[in-house]
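# Observations on chain architecture
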Amino acid sequence: MSDYLSYEDMMSIPAREVSESSKLASNPVVSVMMTTYNHDKYIAQAIEGVVMQRCDFPFELLIGEDCSTDRTRAICQTYQSRYPQILRIITTDHNVGAHKNFFRLSARARGRYLAFCEGDDYWCDENKLEKQVRLLDSHPDMNLCFSRAGICHGDCEKVVTEWYPRREKHCYAIEDFISGRVSPATCTVCIKREVLSRLPRFMEDGPLGDWPLFVQALVRGYAGYIPEPLAVYRLHPNGLWSSVTAEKRYEGFKVSNRLLRTHFGSRYEKHFDTSLARAYCNYAERSCMQSGIYGISVVITALNRSPVPLWRAGRGLIVFLMHVGFPKIYARLLAENVIRRMQP
C-alpha cells in the first residue's frame, strides 16, 4: 500500500451527490469546501457568505453533509435548489467522520483553487475569493494564502476579537507553520489544489487535519497573508475543536507532531520541537483554567513534566508563566491590552 492517498482512495469513500450538473459552471476557478455536521443553527449563514461572493470568475460550493441528526441537510437542500449553478451536496445515509468527509469533497473538487469554510463559520467579505485568487495568480510560488479572522461566540454574531499572527508579514514559510508561529483560521485559507495531489496516508485517520494539510502545501512554496478579516471563526460548545478538552487537544497534537516528524525525516526537527513546546504550554495553561488551580507550584510541576525544553515556546512560555503563576497581574495586563490573545 502506498504511503500517499490516491484519487481512487478518496473516491471510494461512500458518497451521494445532490446537484444539477447541467446548471453548474463547467470550469470553476475555485471549489469552496464546506464540511458540516449538526450545524442547523449556523449553516445558512455559512452558505450565504459563499454565495454572496462578487468575482469575475465561476466558483462552486461543495457541501459535505455528514448525515446530520438535525435540520442541516434540509437547509442545505433548500439552498441547492435556490443556487443550482453553485451548490453541490455530497452526503450519505450514514456518518463517515470529519476527515473522510473532507477527502470525499477534495476528490470531487474541480477548481484550480480550494477555499474552506466549515458549516459553523462564515465569510464576512463579499470580495474574499476575488482578493485571494488575485493574490495567488500574481505569485506563482505562493501555494496558499490566508487572512485575519474575526472570532464570535455561540449564536452571537458580534465579533469580539480577531485571530492573526503575532508578527504580521506579507508571506510566511513552511517553518513558520511547523513551529506554530503561524496557525491560520481554516475559514480564511485558499490553496492551490495541485499541491495537495500527494497527501500522506496518515492524514486519513490522524487527529488533526488542518495543520498537516497546510504544512504539506508549503513543501515547495510559501504562504501569502492578507492583513484584514475576510472570515469569522465561531467558538461554541459543540464545535469540532472548541469542544475538545485541553488534554485531548494536546494528545492529538502530539500524535500529529510525531507523524509529521516521521514523514519529513530529520528536516525541521527544531521547528517540530518548538511547536510541541508551544502546544504543551497551551495545554498546561488551559488545564489550569479548567481546574481553577493556579500558582507557582503548578508552574514548577508543569515545567518538570514538559517533554521538550519549554524555552523553545518563546512568548508562549511567558504567557503561561504569567497567567498560571501570577493570575491577578495577568488579568490586569490583559484588560489593559498589554497582553493580547491572538487565536483561540
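Before reading on, note that the structure itself is shown above.
Residues numbered from 1 in each chain as written. Predicted model: local features only at pLDDT ≥ 70, side-chain atom pairs only at ≥ 80, totals over all residues. Heavy atoms only, no water.

### Structural notes on helix H11 (residues 315–325)
Within the span of H11, buried status applies to Leu317, Val319, Phe320, His323, Val324 and Gly325. Looking at the packing, one finds that the buried side of H11 touches helix H9 (269–291), helix H10 (296–305) and helix H12 (327–335). (Buried < 20%, exposed > 50% of the residue type's maximum accessible area, 1.4 Å probe, protein only. Helix = DSSP H or I, 4+ residues; strand = E, 2+ residues; numbered from the N terminus. Contact = heavy atoms within 4.5 Å.)

### Re the packing of aromatic side chains
Inspection of every chain in the model, using the stated rule, returns 15 aromatic pairs. Among the aromatic residues, those joined into a ring-pair cluster are Trp211, Phe253, Phe264, Tyr268 and Phe272. Against the face of Tyr164 rests Arg148, its NZ or CZ located 3.8 Å from the ring centre. For Arg198, the ring lying beneath its charged end belongs to Tyr4, and the centroid distance is 3.8 Å. (Phe/Tyr/Trp six-rings, centres within 6.5 Å; stacked < 30°, edge-to-face > 60°. Lys NZ or Arg CZ within 6 Å of the ring centre and 35° of its normal.)

### What about the pairing of strand S13 (residues 222–235)?
Counting buried residues in S13 gives 10 out of 14 residues, a clear majority hidden from the surface. Here strand S7 (residues 122–123) pairs with S13 via 2 bridges, running antiparallel. Residue Tyr122 lies in a different strand from S13, and its bridge partner there is Val232. When strand S8 (residues 142–153) meets S13, the two strands line up parallel, connected through 11 bridges. Bridge assignment links His153 to a residue of S13, and that residue is Leu235. As paired strands, strand S10 (residues 171–172) and S13 are joined by 2 bridges and run antiparallel to one another. Residue pairing across strands places Cys171 opposite Gly224, the latter belonging to S13. (Pairing = 2+ DSSP bridges.)

### Some words on the packing of H9 against H11
Put simply, H9 and H11 touch, their axes get as near as 9 Å, and they point 20° apart. As judged from the angle between their axes, H9 and H11 are roughly parallel. Considering how the two elements wind past one another, H9 and H11 form a crossing that is left-handed. Taken together, the residues of H11 that come into contact with H9 (itself represented by Cys281, Ala284, Glu285, Cys288 and Met289) are Gly316, Leu317, Val319, Phe320, His323 and Val324. Residue composition of the contact of H9 with H11, grouped by class: 8 nonpolar, 2 polar and 1 charged. (Axes fitted to C-alpha atoms, helices over the stretch in contact; angles between N-to-C directions. Parallel < 35°, antiparallel > 145°, perpendicular 65-115°, else oblique. Left-handed = near helix turned anticlockwise from the far one by under 90°. Nonpolar A, V, L, I, M, F, W, Y, C, P; charged D, E, K, R; others polar.)

### A short note on a nonpolar patch on the surface
A contiguous nonpolar patch, built from Ile296, Ile300, Phe326 and Ile329 and spanning about 340 Å² of accessible area, is present on the exposed surface. Along the polypeptide, Ile300 turns up in helix H10. Residue Ile300 is classed as partly exposed on the basis of its relative accessible area of 45%. (Patch = residues over 30% accessible without salt bridge, like charges linked within 9 Å, V, L, I, M, F, W, Y side chains within 5 Å. Areas by Shrake-Rupley, 256 points an atom, 1.4 Å probe, with all protein chains shown as cover. Salt bridge = Lys/Arg side-chain N within 4 Å of Asp/Glu carboxyl O.)

### Digging into the pattern of salt bridges
The tally for this structure, following the rule as stated, stands at 20 salt bridges. A salt bridge links Glu17 to Arg88, with the shortest nitrogen-to-oxygen separation between them at 2.8 Å. Of the two residues, Glu17 is situated in strand S2 (residues 16–18) and Arg88 in strand S5 (residues 87–91); the sequence distance between them amounts to 71 residues. Residue classification places Glu17 among the partly exposed positions, given a relative accessible area of 35%. Classification of Arg88 as buried rests on a relative accessible area of 6%. With a shortest N-O distance of 2.8 Å, Arg110 and Glu60 are connected by a salt bridge. On the criterion of sequence distance, the pair formed by Arg110 in the loop between helix H4 (98–108) and strand S6 (113–116) and Glu60 in strand S4 (residues 59–65) is long-range, its members being 50 residues apart. By relative accessible area, Glu60 is classed as buried at 1%. Three or more residues joined by partner-sharing salt bridges are found here, namely Arg16, Glu65, Arg73 and Asp93.

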